Amino acid sequence: MKPAPFGYERPRDLQAALAVLAEADASAKIIAGGQSLGPMLNLRLVEPQLIVDITGLAELKQVERRGDELVLGACVTHADIEDGRIPDVTHGAMRDVAGNIAYRAVRNRGTVGGSLSHADPSADWVSALSALDAKLTLRSLAGPRTVTMQDFIVGALESALRAGEIVESIHVPAMPASAHWGYVKACRKTGEFAHAIGAIMIDPSAATARVVIGAIDSAPIVITNAAELFGGRVAGNYKERFDERVADAILAKAGVANAVHRHIHVNVLKHAVREAAAWA
Amino acid sequence: MRNERDFPSAGGAGAAQGVGARLPRKEDDRLMRGRGQFVADIRLAGLQEVAFVRSPLAHALIREIHVPHRHRASVFTAADLAGVKPIRAVSGLPGFKISEQPVLATGKVRQVGELVAMCVAPTRAGAEDIAAAVTLDLEDLPAVYDMRKAREPGSALVHEHWGDNVFLETNFEVDISSALDAPIRVSREISTARQCMSPLEGRGVVATFDHRLDQLTLYSGAQMPHITRNGLSDCLGMEQGRIRIISPDVGGGFGHKGILLPEEVCLSWLTMRRGHPVRWTEDRREHLTASSNCREHHYNITVYADRDGRLRGIDCEATVDSGAYSSYPFSACLEAAQVASILPGPYLMPAYRCRTFSVATNKCPILPYRGVARTGVCFALELMLDLVAAEAGLEPGEVRLRNLVRPEQMPFDNITNKHFDSGDYPEAMRRALTAVDVESVRARQRKGEADGRRIGVGISIYCEQGAHGTSVYSGWGIPMVPGHEQASARLTPDGGLELRVGVHSHGQGMETTLAQVAHEVLGVDVARVHLILGDTAMTPYSTGTWGSRSMVMAGGAVATACRELGERAKRIGAKLLQHDPASVVLQNGEVRGVNGSVTLKEIAYTWYRRPQDLPADVDPGGLEVTSGYKPQRDSGTFSYAAHAVVVAVDPDLGDVEILDYVIVEDGGVLVNPMVVDGQIYGGLAQGIGTALYEEMPFDAAGQPLATTLADYLLPGPTEVPMPRLDHMETPSPYTQFGVKGIGEGGAIAPPAAIANAVNDALRPLGVELMQSPITPYRVVEAILAARDAERPAA
């Protein structure tokens, strides 16, 4: 399992990287942590003519709190978040998610931007950042544009990135102190890809709930107004009000035809709801 | 019960070093520091790397192989290897159908991953680039992907000249009609999934030609180098004196490295053609898709019993999916035929009938994986006994105790003429039941769990034949029959000891354990005992390491050679002491008489450096002895163990968590109990893999579907609990020191125990799982199906 021959460039700044990407278009692949691309290269699932290494771009490692949101550069690693090297506007939710991605060795190198660009349905950030209502700034030579997570994740391994475009930063809204967070995933083994993810950001005091059902072989199901899952009203007793049959129907409507898969997804979501209820 | 985390301190000057000592392994110093030398570490001047073009289809005619002109000199196909014979492993069992495996595909391909062309380049990446440029013109044929469909009339044929897809059918019966009126009769279909053995190190080969010795030298991670030499000699048409196999450090074998590979033959041919060394190492994708399949069994089984749970008989039809080719040397007969001979297990069995089919399919050949047929057999038998218990209204443990062969019956010849040498099977089961505390599990089950999970307890027990001898193996008629085992022992001029044996360590720690045997006999410090293994030029012939035979056979041979060496040393020592030779003793590395002692080191010095001081009647053979050995009976040894496990099953997600795992094992006298514990842990991990994780599924086109470790799940440290181990030691009456073969047992019992525990947990829900692995999907599917079955019709 050795890659096919490829060219390699490591641009010094973002403009140079964008120029290289614009020139190379479809025959180039970006490498950041290499945790997804590395195996794909080795298995010859992809054979790019050129690999553009963006780990030298200081612009993509910047982190700042801007008003009500945290702006993370795309090359921030999962370990940076797990270890608390960046500010946390989610009261520990992001740290918990980060610390359970794959294995520590993967987390040392894998980046948030890379994970999102790859758009694997089982990836933790795909579901978690959808639940956190994050937005992404994408940039090409033509300039920047901002998209929501729902618009960014188009399908399994399919993002809204255009040719010559790169994820520049991730904008995470500060989680209200009154919000509860639950994130549960079912894995066959510790560290492996999830086969079901349930994520919920629920604020009974504001009567809002945002629910994500992930790892369904396509883009995650994002429910921005999840009151229907709680008997029509998001209230303090939402754990008891959680309606499995509504969750099951949502999954069936989204194309999850297999009753066993739906059962597992519904229960993972139920566990996430319980976890949120225990969030203190 | 011993807490395995608190090993007593071992080693150090003066600490015991013989049989029974928990010595840390000598080989670990280099292996744990990354200083081992595996096939991939070998450096040779001019060495180039090989990659293979492998068939992407399971069953197809080869119309053409297109090699780009620029690569013509670097690509080789079957047409180039004219004169190289196919691999041929024929069994003498009546009705065995003969087939051959061309080392590079000829005419058609019969499995995904079959070798079609060999590409060589200075780097592996370069060789893969060349392989990617070769295109194949293949005409698809219907794939034989299911072993039972393969037997239906009209199925495509893997080997056309057979007329069907059955390598071998066996039939065995004793008195089954006497069982048919039994009041309890339970029938089921039970199956174990196809797996890939997954040693940490894949296979690998470096081939080079030594012109000084006029010898092909093959470095190969092999369990049985002398057998590899036999097979290679046949395929290449080269005399054995011109072939040397060297097996260096080997990172796990489990049976995968006991087979002659087409890659070994191809690279041997290639190095002689190209005039420089060549290497191929198996990558993980090759391992999973093209190589080491094992374990796929199907049972249609009926167990007959009386109301008190006593067995009246078993009637079974078993099928093994043997893949496309008969692998060398074990052949495609072994696994299925073995099912019939061991299905009665460690139980008294009044009547028995078993029919087996070894079926050819378009998959990799099936190889004997740690435990071989025993894992599937234990799974089928032990699941059935729990069902008998349920029908009889008895605890599963009680049914075992009522049927296990009893200690006072040992040695015992069972219904298939297996000679159980020694043991107390009921005691092992009693200890396991007590340790796992079945009563408290029942109380916990009645109470229920706050988190909604369901608790279950499961047991299993087996006995494992090891060190199979001549009479057992000659019956199979395969290209390998073990005979006497030889070992050479030589004192060096400075009193060290060199041992040469034909078995080979691929994780068993034999550099340490065989040194312990030598120490037991001669008293030489283990640090000064050097093992030479794995090299056909340097070691006596042996069928190698397989079937839990090495300690019994090579250990016995080492003991025998050392004893003879000791006798010769005594006579020289007696002369040096001016003592009557009849009344000196050898103790702690010294020859002692009433008037003094002389060390083995001094005796060696005399033989090698001062022959003028030797007795006139000194044995001219000196201090180098080669002895042969066989146990008193060659019907093999029988180690055994009882496993008991408590699980928690989550009906919401289908997850199974192991809460407690108990193993009570009896491997006879243990040479190094710490090494044995390690083998049990490793076997347990593999057993858990079989029970809960590992499966290589194939689609209807014969495509293997779990092509990376993301899909082929192997248990890791978070999936394997620390078991509680208890040991019994019932010596074998037939072996040196009473040792028995013990290497495979850990991998035999866990699937049965875990499945029984899951079924115990879920039986109140109407769920019964009769296949491995027990995945979350299958648990939930069974729960939902049982729920649907209960609902009244709409």
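Preceding block: the structure.
Structure report, in brief. Because the structure is a prediction, the values reported are computed rather than measured.

Description of the pairing of strand E29 (residues 656-666) of chain B
All names here are of chain B. Across the 11 residues that make up E29, a large majority, 9, are buried. Pairing between strand E28 (residues 637-649) and E29: 10 bridges, direction antiparallel. Across the sheet, residue valine 649 finds its bridge partner in E29, namely valine 656. Hairpin connection between E28 and E29: a loop of 6 residues separates the two successive antiparallel strands, and glycine 654 in this loop has a positive phi of roughly 80°. As paired elements, E29 and strand E30 (residues 724-728) share 5 bridges and run parallel to each other. What sits directly across from valine 662, in E30, is arginine 724. For the crossover from E29 across helix H15 (residues 673-693) to E30, the handedness is right-handed.

A look at the sheet that holds strand E4 (residues 63-66) of chain A
Residues and elements named next belong to chain A. Spatial ordering of the open sheet is given by E4-E5-E10-E6-E7, a layout of 5 strands whose pairing is antiparallel. In the strand order of this sheet, the two ends are held by E4 and strand E7 (143-148), each with one partner. Neighbour-to-neighbour, the strand axes of this sheet turn through a mean angle of 25°, independent of strand direction. The pairing of strand E5 (residues 69-73) with strand E10 (residues 166-173) spans 5 bridges and is antiparallel. Residue glutamate 69 lies in a different strand from E10, and its bridge partner there is proline 173.

Points about the pairing of strand E23 (residues 529-532) of chain B
Residue and element names in this part refer to chain B. Here 4 bridges tie strand E22 (residues 497-501) to E23, and the two strands are oriented parallel to one another. Looking across to E23, one finds that leucine 497 is bridged to valine 529. Following the chain from E22 across helix H12 (residues 510-522) to the adjacent parallel E23, one finds a crossover that is right-handed.

Section: the interface of chain B and chain A
Taken together, the contacts link 29 residues of chain B with 21 residues of chain A. When chain B packs against chain A, close to 2200 Å² is buried across both sides, 58% of that on carbon and sulfur atoms. Counting the surface chain B buries against chain A, the share from its top three residues, Asp652, Leu653 and Tyr777 of chain B, is 26%. Where chain B meets chain A, there are 3 salt bridges. Linking lysine 270 of chain A and aspartate 652 of chain B is a salt bridge whose minimum nitrogen-to-oxygen distance equals 3.9 Å. Summed over the shared surface of chain B and chain A, the result is 15 residue pairs in polar contact (both at pLDDT 80 or more). Those elements giving two or more residues to the side of chain B that touches chain A turn out to be helix H2 (124-133), helix H5 (284-290), H15 and helix H17 (776-790) of chain B. If you tally residues by element for the side of chain B that touches chain A, the top one is H17 of chain B, at 6 residues.

A closer look at the pattern of salt bridges
Residues and elements named next belong to chain B. All chains considered together, the criterion is met by 76 salt bridges over all chains. Between glutamate 264 and arginine 203 there is a salt bridge, with the nearest N and O atoms lying 3.3 Å from each other. With a gap of 61 residues between them, glutamate 264 in helix H4 (residues 262-274) and arginine 203 in the loop between strand E9 (195-196) and strand E10 (204-210) connect regions that are remote in the sequence. Look at glutamate 264 and you get buried, because its relative accessible area is 0%. Among the residues examined, arginine 203 registers a relative accessible area of 2% and is labelled buried.

Looking at the sheet that holds strand E26 (residues 596-599) of chain B
Residue and element names in this part refer to chain B. Pairing is antiparallel across the open sheet formed by 3 strands, whose spatial order is E24-E25-E26. The outermost strands of the open sheet, each flanked by one partner alone, are strand E24 (585-587) and E26. Across the sheet, the mean angle from the axis of one strand to that of its neighbour is 30°, orientation sign disregarded. Bridge count for strand E25 (residues 590-593) against E26 is 4 bridges, and the pairing is antiparallel. Within E26, the position partnered with arginine 592 by the bridge is serine 597. Taken strand by strand, helix H13 (residues 550-576) contacts E24, E25 and E26, and its axis lies near 50° from that of E25. Against the sheet, helix H14 (residues 600-609) makes contact with E24, E25 and E26, and its axis sits at roughly 65° relative to E26, the strand it touches most.

A closer look at the packing of aromatic side chains
Residues and elements named next belong to chain B. With the rule as written, the count across this model stands at 15 aromatic pairs over all chains. Each ring, one from tyrosine 473 and one from tryptophan 546, has its centre 4.8 Å from the other, and the planes form 55°; the classification is tilted. Taken together, the residues span a long stretch of sequence, with tyrosine 473 in helix H11 (residues 470-474) and tryptophan 546 in the loop between E23 and H13 at a distance of 73 residues. For tryptophan 546, a relative accessible area of 6% gives the class buried. Among the aromatic residues, ring-to-ring pairing joins Phe412, Phe420, Tyr425, Phe638 and Tyr640 into one connected group.

Quick word on the nonpolar core
All names here are of chain B. In terms of nonpolar packing, the biggest core is built from 104 residues, with Tyr299, Leu343 and Tyr425 touching the most fellow members. At 13 residues, the largest contribution of residues to this core is made by helix H7 (residues 373-392). One finds Val158, Leu216, Tyr473 and Met480 within the second-largest nonpolar core, a separate group that totals 67 residues.

Considerations on the environment of arginine 610 of chain B
All names here are of chain B. Relative to the assigned elements, arginine 610 resides in the loop between H14 and strand E27 (624-629). Taking the C-alpha atoms as reference points, arginine 610 and leucine 267, separated by 343 residues in sequence, lie 49 Å from one another. For arginine 610, the side chain forms a polar contact with the side chain of aspartate 613, separated by 2.7 Å.

A look at H12 of chain B
With 13 residues, H12 of chain B should reach 18 Å at 1.5 Å per residue; the first-to-last C-alpha distance of 17 Å fits that figure. In terms of burial, H12 of chain B is largely enclosed, as 12 of its 13 residues are buried.

Some details on the packing of H15 of chain B against helix H16 (residues 750-762) of chain B
All names here are of chain B. Two elements in contact, H15 and H16, have axes whose closest approach is 8 Å; the angle formed by their N-to-C orientations is 50°. Relative to H16, H15 is oriented oblique. When the axes of H15 and H16 are compared, the crossing they make is right-handed. Here Leu684, Gly687, Ile688, Thr690, Ala691 and Leu692 of H15 lie close against H16, whose contacting residues are Pro750, Pro751 and Ile754. Across the contact of H15 with H16, the residue classes break down as 7 nonpolar, 2 polar and no charged.

Criteria and cut-off values
Residues numbered from 1 in each chain as written. Chains lettered and ligands numbered in written order. Predicted model: local features only at pLDDT ≥ 70, side-chain atom pairs only at ≥ 80, totals over all residues. Heavy atoms only, no water. Buried < 20%, exposed > 50% of the residue type's maximum accessible area, 1.4 Å probe, protein only. Helix = DSSP H or I, 4+ residues; strand = E, 2+ residues; numbered from the N terminus. Pairing = 2+ DSSP bridges. Right-handed = clockwise from strand over helix to strand, strands pointing away. Axes fitted to C-alpha atoms, helices over the stretch in contact; angles between N-to-C directions. Contact = heavy atoms within 4.5 Å. Buried area = accessible area lost by both parts, 1.4 Å probe. Salt bridge = Lys/Arg side-chain N within 4 Å of Asp/Glu carboxyl O. Polar contact = N/O pair within 3.5 Å; in protein donor to acceptor, adjacent residues only side chain to side chain. Phe/Tyr/Trp six-rings, centres within 6.5 Å; stacked < 30°, edge-to-face > 60°. Core = buried A, V, L, I, M, F, W, Y, C linked by side-chain atoms within 4.5 Å. Expected span 1.5 Å × (residues − 1). Parallel < 35°, antiparallel > 145°, perpendicular 65-115°, else oblique. Left-handed = near helix turned anticlockwise from the far one by under 90°. Nonpolar A, V, L, I, M, F, W, Y, C, P; charged D, E, K, R; others polar.

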